[in-house]
Amino acid sequence: MDAYTGFAEVYDTFMDNVPYAEWTEYYAGILKENGIRDGLVLDLGCGTGSMTELLAGLGYDMIGVDNSEEMLEIASEKKAASGHDILYLLQDMREFELYGTVRAVISACDSVNYITEPEELAETFALVNNYLDPGGLFLFDFNTEYKYREILGDTTIAENRDECSFIWENFYDPQERINEYDLTIFVREGELYRKFEETHFQRGYTVREVADCLRKAGMELVAMYDGFTKEQSDEESTRICVVARECGKNRAE
């Protein structure tokens, strides 16, 4: 599970088309529908803290976990600028540790696809269940196997900006259902460009696999939505948003 290193420096530049505000509003809406309007919330795989900051702005007490030191450095700069009281932890999401429980866990931008073994995904979900308050919510989205197979796999994406550019080459293995993508990044430094190369791997999960992992973790699957909607996901959904609930803790505690 590789961490973002060189790409962290230009991550926000190339992700400026991601509607973080809309995604935050979507997830916050589900939280509020379930009575979670404040309190501790964990952003698992928080990256540079874009959604962490937005959720903190809505009044949640945020914790951010990510395994990229470079990404968390940028998140910390945002925290210093905003003045939000956010706790950032440099941890692998597959074995994260908290000091206590939280009311909700959010994992956005297909972070869970970086967990390429179903057994490890179930173990991560079990950790989430362990650190949730009784009846707490787990909200996350994932890229589907259909997306990697039919849309993203074996494509090349390139973008050029004045200050940086990147080439993103995808190679999808339909047997292993692993999407390998090779990133080549050029960052301008004066009259020259500095080159970074990274390789990342994501697994294309099916709805059944994700549901089975949640069940093994002892969680209740509440809903699977097509993208950031309230429509039921189907076989051609490319991104699915999942609502799951903590199970097993004594509600009287």
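As a reminder, the structure under discussion sits directly above these lines.
What you see is a predicted model, and the numbers here were worked out from it, not measured in a lab.

1. Some words on the sheet that holds strand 10 (residues 220-226)
Pairing within the open sheet is mixed, and its seven strands lie in the order 3-2-1-4-5-11-10. Where the open sheet ends on each side, the last strands, each with one partner, are strand 3 (87-90) and strand 10. Here the strands of the sheet are splayed against their neighbours by 15° on average, with no regard to which way each runs. One ladder, built from four bridges, connects strand 2 (residues 60-66) with strand 3; its direction is parallel. Within strand 3, the position partnered with V65 by the bridge is L89. Along the sheet, helix 4 (residues 69-82) makes contact with strand 2 and strand 3, crossing strand 3 at roughly 170°. The strands touched by helix 5 (residues 118-131) are strand 1 (39-44), strand 4 (102-107), strand 5 (132-143) and strand 11 (239-245); relative to strand 5, the strand with the most contacts, the crossing angle is about 145°.

2. Overview of the packing of aromatic side chains
Here the structure, examined in full by the defined rule, presents twelve aromatic pairs. With centroids separated by 5.5 Å and ring planes inclined at 70°, the aromatic side chains of F125 and F138 adopt a geometry described as edge-to-face. Remark: F138 occurs in strand 5 and F125 occurs in helix 5; sequence separation between them is 13 residues. Grouped by ring-pair contacts, the aromatic residues Y20, W23, Y26, Y27 and F228 constitute a single cluster.

3. Observations regarding unusual backbone geometry
The backbone phi angle of D110 is positive, close to 50°, even though this residue is not glycine. When you line up the elements, D110 lands in the loop between strand 4 and helix 5. The residue R177 is not glycine, and still its phi comes out positive at about 55°. Within the element layout of this structure, R177 appears in the loop between strand 7 (164-173) and strand 8 (178-189).

4. What about the sheet that holds strand 6 (residues 156-160)?
Taken in spatial order, the four strands line up as 6-7-8-9 in an open sheet, and their pairing is antiparallel. Only two strands of the sheet have a single partner each, and these edge strands are strand 6 and strand 9 (192-203). Within the sheet, the average angular offset between the axes of one strand and its neighbour, ignoring direction, is 10°. The pairing of strand 8 with strand 9 spans twelve bridges and is antiparallel. If you follow R188 over to strand 9, its bridge partner there is Y193. In the packing of helix 6 (residues 145-152) onto the sheet, the strands contacted are strand 6, strand 7, strand 8 and strand 9, and the crossing angle to strand 7 comes to about 110°.

Reading the values: the criteria
- Residues numbered from 1 in each chain as written.
- Predicted model: local features only at pLDDT ≥ 70, side-chain atom pairs only at ≥ 80, totals over all residues.
- Heavy atoms only, no water.
- Pairing = 2+ DSSP bridges.
- Helix = DSSP H or I, 4+ residues; strand = E, 2+ residues; numbered from the N terminus.
- Axes fitted to C-alpha atoms, helices over the stretch in contact; angles between N-to-C directions.
- Contact = heavy atoms within 4.5 Å.
- Phe/Tyr/Trp six-rings, centres within 6.5 Å; stacked < 30°, edge-to-face > 60°.

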